[in-house]
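Fold and contact review
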Amino acid sequence: MDRSAFFEAVRHSLFNGELTQQQVAGMEAILDFWESPPVQPSGELKTFWDQRLVSWLAYVLATTKHETASSMQPIDEYGDDAYFTQMYEGRSELGNDHPGDGARFHGRGFVQITGRRNYAKMNEVVRHFYPDAPDLTEIPAAAKDSKYAAVIILYAMLTGALTGFALKDLIGDADKGQNVDFFHARKSIGGLDAAETVEAYAKKFLLALVNAGATV
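Please read these numbers as outputs of a predicted model, since none were measured by experiment. (Residues numbered from 1 in each chain as written. Predicted model: local features only at pLDDT ≥ 70, side-chain atom pairs only at ≥ 80, totals over all residues. Heavy atoms only, no water.)

For the protein, the count of helices and strands is nine helices and two strands. For the protein, the α and β elements follow one another from N to C terminus as α-α-α-α-β-α-α-β-α-α-α. A compact globule built from 216 residues should have a C-alpha radius of gyration of about 17 Å, and the protein, at 17 Å, falls within 12% of that. In the protein, which comprises 216 residues, the proportion classed as buried is 50%. For the protein, the share of sequence-separated contacts (at least 6 apart) that also reach a separation of at least 24 residues comes to 60%. With the model as given, the accessible surface of the protein reaches about 9,900 Å², and the carbon-plus-sulfur share is 47%. Between the mean site of the 20 positive side-chain charges and the mean site of the 29 negative ones, the protein shows a separation of 2 Å. (Helix = DSSP H or I, 4+ residues; strand = E, 2+ residues; numbered from the N terminus. Rg over C-alpha atoms; globule rule 2.2 N^0.38 Å. Buried < 20%, exposed > 50% of the residue type's maximum accessible area, 1.4 Å probe, protein only. Contact = heavy atoms within 4.5 Å. Areas by Shrake-Rupley, 256 points an atom, 1.4 Å probe, with all protein chains shown as cover. Lys, Arg positive; Asp, Glu negative; His and termini not counted. Charge placed at Lys NZ, Arg CZ, Asp CG, Glu CD.)

A separate point is the environment of leucine 136. Relative to the elements of secondary structure, leucine 136 occurs in the loop between helix H7 (116–129) and helix H8 (146–159). Counting along the chain gives 112 residues from leucine 136 to valine 24, while the straight-line C-alpha distance between them is 25 Å. Filtering out sequence-adjacent residues up to four positions away, leucine 136 remains in contact with Phe105, Tyr119, Met122, Asn123, Val126, Ala142, Ala143 and Ile152.

Here we come to the nonpolar core. For soluble globular proteins, the rule of thumb is that nonpolar side chains tend to be buried together. If you look at the biggest cluster of nonpolar residues, it comprises 64 residues, and the most contacted ones within it are Phe6, Val10, Met27 and Phe205. Among the secondary structure elements, those contributing two or more residues to this core are helix H1 (3–13), helix H2 (21–35), helix H3 (43–49), helix H4 (54–67), H7, H8 and helix H9 (195–211). The element that contributes the greatest number of residues to this core is H8, accounting for eleven residues. Those residues in contact with methionine 27, other than ones at most four positions away along the chain, are Phe6, Phe7, Val10, Phe15, Leu19, Leu61, Met72 and Phe205. (Core = buried A, V, L, I, M, F, W, Y, C linked by side-chain atoms within 4.5 Å.)

Turning next to the packing of aromatic side chains. Counted by the stated rule, this structure contains nine aromatic pairs. Centroid distance phenylalanine 33 to tryptophan 49: 5.7 Å. Interplanar angle 75 degrees. Geometry classified as edge-to-face. With phenylalanine 33 in helix H2 and tryptophan 49 in helix H3, the pair connects residues that are 16 residues apart, well separated along the chain. Here phenylalanine 33 matches tryptophan 49 in class, with each residue buried. Here the aromatic rings of tyrosine 130 and tyrosine 148 are separated by 5.6 Å at their centres, their planes lie at 65 degrees, and the arrangement is edge-to-face. Of this pair, tyrosine 130 sits in the loop between H7 and H8 while tyrosine 148 sits in helix H8, and the two are 18 residues apart along the sequence. For tyrosine 130, a relative accessible area of 19% translates into the label buried. Taking the ring centre of tryptophan 34 as reference, the NZ or CZ of arginine 52 above it sits at 5.0 Å. For lysine 65, the ring lying beneath its charged end belongs to tyrosine 201, and the centroid distance is 4.9 Å. (Phe/Tyr/Trp six-rings, centres within 6.5 Å; stacked < 30°, edge-to-face > 60°. Lys NZ or Arg CZ within 6 Å of the ring centre and 35° of its normal.)

Let us now look at unusual backbone geometry. For asparagine 16, which is not glycine, the phi torsion reads 55 degrees and is therefore positive. Topologically, asparagine 16 is positioned in the loop between H1 and H2. Non-glycine residue methionine 72 carries a positive phi angle of around 55 degrees. On the secondary structure map, methionine 72 appears in the loop between H4 and strand E1 (75–76). Given a relative accessible area of 0%, methionine 72 falls into the buried group.

Quick look at the pattern of salt bridges now. Counted under the stated rule, the structure contains 13 salt bridges. Arginine 108 is the salt-bridge partner of aspartate 76, the closest N and O atoms lying 3.5 Å from each other. Here arginine 108 lies in strand E2 (residues 108–109) and aspartate 76 lies in strand E1, a separation of 32 residues in the sequence. We classify arginine 108 as buried; its relative accessible area is 8%. Here arginine 116 and aspartate 101 are joined by a salt bridge, their closest N and O atoms 2.9 Å apart. (Salt bridge = Lys/Arg side-chain N within 4 Å of Asp/Glu carboxyl O.)

With that settled, the discussion passes to the environment of arginine 91. Tracing the backbone through its elements, the reader meets arginine 91 in the loop between helix H5 (81–88) and helix H6 (101–104). Accessibility expressed as a relative area gives 30% for arginine 91, which makes it partly exposed. Remark: the alpha-carbon pair of arginine 91 and glutamate 196, spanning 105 residues in sequence, is separated by 31 Å. From its side chain, arginine 91 meets the backbone oxygen of methionine 87 in a polar contact 3.2 Å long. (Polar contact = N/O pair within 3.5 Å; in protein donor to acceptor, adjacent residues only side chain to side chain.)

Here's what the structure looks like:
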């Protein structure tokens, strides 16, 4: 893919004519993993990886733009320790069984993972690709490293790990006459909040990717 052409296109269509170095770096972390993961995907991810479409990448980038308030950098969930404790402390469905887990395992990333259980699951995924990565259950803030955050968002959205809705269930291959449902693809992250906004972003990202020669 011609990344210069891609960034020039999204600069005007999605970022009001300006892109910061950090915004470019965040998108490049996702593009780098998409184009050349450090090791080949295996297990559950491989099944989805072998079916991936450029339209999926467009939706991942669109989700990143929305979830990070256009910074394109992994972020912390908004709030303080008191808020996180109120929201997440003691929630066994999140695996928060130790004192302090509510604040310790608050949301982080391009798309935010919460709870000890999700951090433990994503730790295994990240370490498949980056064996030297810190243990996310011991250093949760490492989920904000862009190369690890890229693994997490792609794994979560391609496999449906966070919600049970994988991108393949919602975004088909337009070349085969399948439905490309960028609106309901929001279910891969949660409900349908901001679905129209993310849909509009995805269409612009897809156009930029296709015109720049993106492939799988």
